[in-house]
Amino acid sequence: MEYIETLGANAKAAEPAISVMGTNEKNRVLSEISSLLRSHVTEIIGANKLDIETARANGMSEAMIDRLTLTEQRIGGMADGVDKVISLPDPVGAVIGGSDLPNGLHVIKKRVPIGTIGIIFESRPNVTVDAATLCFKAGNTVILRGGSDAINSNKALVGLMRTALRNCGVNENAVQLVEDTSRAVANAMMKLNKYIDRIFASTLACGCAAAGGRVELTGCAPALYAPVLEILGQMRSEEHTSEL
């Protein structure tokens, strides 16, 4: 599918620069994201209201609508979450093991970015920012595919994150949103192993991925997105050797 392949190619093109960004540079982008979230509350709530109106017209339950709803307090909580990501240690480059070989070489194992991450989740707009910022802090580019019920909210949130990247002189394609929420595009995304290195998906999406998915998949319950930074930091490592 040309549309999702374009997103994949864009993410892969941005990947080399993102993977070598220093901690201070990444935190500067994250700080800009937090600032824009706080200063664009009215815009975000306006987009979210479109989703709520559609949800009510479609007969969505009030419990589900509450999960979808963004308020000034909840948006502030999202910005606070970004600030917490800033305070987290950068996993990239952390040495997690090593050994001395009989031939005199010292082998070091350290954490490196995975590359391009796909995130497939349901209609929880807060996950949009959580997932993107965690992936970015770990040196990865990310393609987000949220539920159709939250499409307007997600467009507003991802738009602000891409603006933050541009404001900091960073390739905005480090964070992209799949705006076509059809099942066909989601299935195509799961097969896009040419560009996407790993997909993290909600439990519900994992069932869909079982049929024909080619990209390595890690399932996450919605409540487990917070530890993803640690998962991303541990998932791939490189070995380096040097003479003693």
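All values derive from a computational prediction rather than experimental measurement.

Trainee: Tell me what's going on with the overall build of the chain, and back it up with residues and numbers.
Mentor: Along its length, the chain carries 10 helices and eight strands. Counting only residues that meet the buried cut, the chain has 47% of its 244 residues in that class. Taking the intrachain contacts of the chain between residues at least 6 apart in sequence as the baseline, contacts between residues at least 24 apart amount to 74%.

Trainee: Tell me about the pattern of salt bridges, residues and numbers included.
Mentor: As enumerated under the stated definition, the model contains 11 salt bridges in all. For Glu-15, the salt bridge identified is with Lys-12, shortest N-O distance 2.7 Å. Residue Glu-15 and its partner Lys-12 are located together in helix H1 (residues 2-19), separated by three residues, close to a single helical turn. The class for Glu-15 is buried, based on a relative accessible area of 17%. Given a relative accessible area of 24%, Lys-12 falls into the partly exposed group.

Trainee: Break down the nonpolar core for me, citing the residues and quoting the values.
Mentor: Grouped together as the largest cluster of nonpolar side chains are 42 residues, with contacts concentrated most on Val-29, Ile-33, Leu-37, Ile-119, Leu-144 and Val-175. Elements supplying a minimum of two residues to this core: helix H2 (23-39), helix H3 (41-57), helix H5 (72-87), strand E3 (116-120), helix H6 (125-137), strand E4 (141-145), helix H7 (151-167) and strand E5 (175-177). When residues no more than four places from it in sequence are discounted, the contact partners of Val-175 are Ala-132, Val-142, Leu-144, Val-158, Met-161, Arg-162 and Leu-165. Core analysis: the second largest hydrophobic core is formed by 15 residues, Ala-11, Met-189, Ile-196 and Ala-201 among them.

Trainee: With reference to specific residues and values, describe the confidence of the model for the chain.
Mentor: Of the residues in the chain, 82% reach a pLDDT of 70 or more, and the chain-wide mean stands at 86. The low-confidence segment residues 221-227 (pLDDT under 50) makes 10 contacts with residues lying over four places distant or belonging to another chain. Confidence drops under pLDDT 50 across residues 233-244; counting only partners more than four residues distant or on other chains, this segment forms 37 contacts.

Trainee: Explain the packing of H2 against H5 to me, and be specific about the residues and the numbers.
Mentor: Contact pair H2 / H5: the axes reach a minimum separation of 9 Å and the direction vectors enclose 170°. In terms of their interaxial angle, H2 and H5 are classed as roughly antiparallel. Here Asn-27, Leu-30, Ser-31, Ile-33, Ser-34, Leu-37 and Arg-38 of H2 come into contact with H5, specifically with Ile-75, Gly-76, Met-78, Ala-79, Asp-80, Val-82, Asp-83, Val-85 and Ile-86. Considered class by class, the residues forming the contact of H2 with H5 number nine nonpolar, four polar and three charged.

Trainee: Break down the pairing of strand E2 (residues 105-111) for me, citing the residues and quoting the values.
Mentor: Note: strand E1 (residues 95-100) against E2, five bridges, orientation antiparallel. Bridge pairing links Ser-99 to Val-107 in E2. Two successive antiparallel strands, E1 and E2, enclose a turn made up of four residues, where Gly-104 displays a positive phi of approximately 95°.

Trainee: Requested: an account of the pairing of strand E6 (residues 198-202), with residues and values cited.
Mentor: Counting buried residues in E6 gives five out of five residues, a clear majority hidden from the surface. On E6, burial covers both faces: Arg-198, Phe-200 and Ser-202 on one face and Ile-199 and Ala-201 on the other are all buried. Both E3 and E6 contribute to a ladder of four bridges, which runs parallel. Considered in E6, the bridge of Ile-120 is made with Ala-201.

Trainee: Can you lay out the environment of Gly-147 for me, pointing to particular residues and giving the numbers?
Mentor: Checked against the element boundaries, Gly-147 lands in the loop between E4 and H7. C-alpha separation for the pair Gly-147 and Pro-125, spaced 22 residues apart in sequence, amounts to 9.0 Å. Discounting residues that sit within four places of it in the chain, Gly-147 has contacts with Phe-121, Glu-122, Ser-123, Asn-154 and Thr-181.

Trainee: Got a sec to walk through H3? Specific residues and values, please.
Mentor: With 17 residues, H3 should reach 24 Å at 1.5 Å per residue; the first-to-last C-alpha distance of 24 Å fits that figure. Restricting attention to buried positions, one finds in H3 the residues Val-41, Ile-44, Ile-45, Ala-47, Asn-48, Asp-51, Ile-52 and Ala-55. Buried positions in H3, seen along its axis, are confined to an arc of 165° and lie on one side of it. Across from the buried face of H3, at angles greater than 90 degrees, the exposed residues are Thr-42, Glu-53 and Ala-57. Residues of H3 that are buried sit in contact with H2, helix H4 (62-68), H5, H6 and H7. The positive-phi residue at the C-terminal boundary of H3 is Gly-59, with phi of around 80°.

Trainee: Tell me about the environment of Asn-167, and name the residues and values.
Mentor: Turning to its location among the elements, Asn-167 is positioned in helix H7. Excluding its chain neighbours within four sequence positions, the residues that come into contact with Asn-167 are Glu-32 and Leu-36. Among the polar contacts made by the side chain of Asn-167, one reaches the side chain of Glu-32 at a distance of 2.9 Å.

Basis of the calculations
- Residues numbered from 1 in each chain as written.
- Predicted model: local features only at pLDDT ≥ 70, side-chain atom pairs only at ≥ 80, totals over all residues.
- Heavy atoms only, no water.
- Helix = DSSP H or I, 4+ residues; strand = E, 2+ residues; numbered from the N terminus.
- Buried < 20%, exposed > 50% of the residue type's maximum accessible area, 1.4 Å probe, protein only.
- Contact = heavy atoms within 4.5 Å.
- Salt bridge = Lys/Arg side-chain N within 4 Å of Asp/Glu carboxyl O.
- Core = buried A, V, L, I, M, F, W, Y, C linked by side-chain atoms within 4.5 Å.
- pLDDT = per-residue confidence, 0-100.
- Axes fitted to C-alpha atoms, helices over the stretch in contact; angles between N-to-C directions.
- Parallel < 35°, antiparallel > 145°, perpendicular 65-115°, else oblique.
- Nonpolar A, V, L, I, M, F, W, Y, C, P; charged D, E, K, R; others polar.
- Pairing = 2+ DSSP bridges.
- Expected span 1.5 Å × (residues − 1).
- Arc of directions from axis to C-beta.
- Polar contact = N/O pair within 3.5 Å; in protein donor to acceptor, adjacent residues only side chain to side chain.

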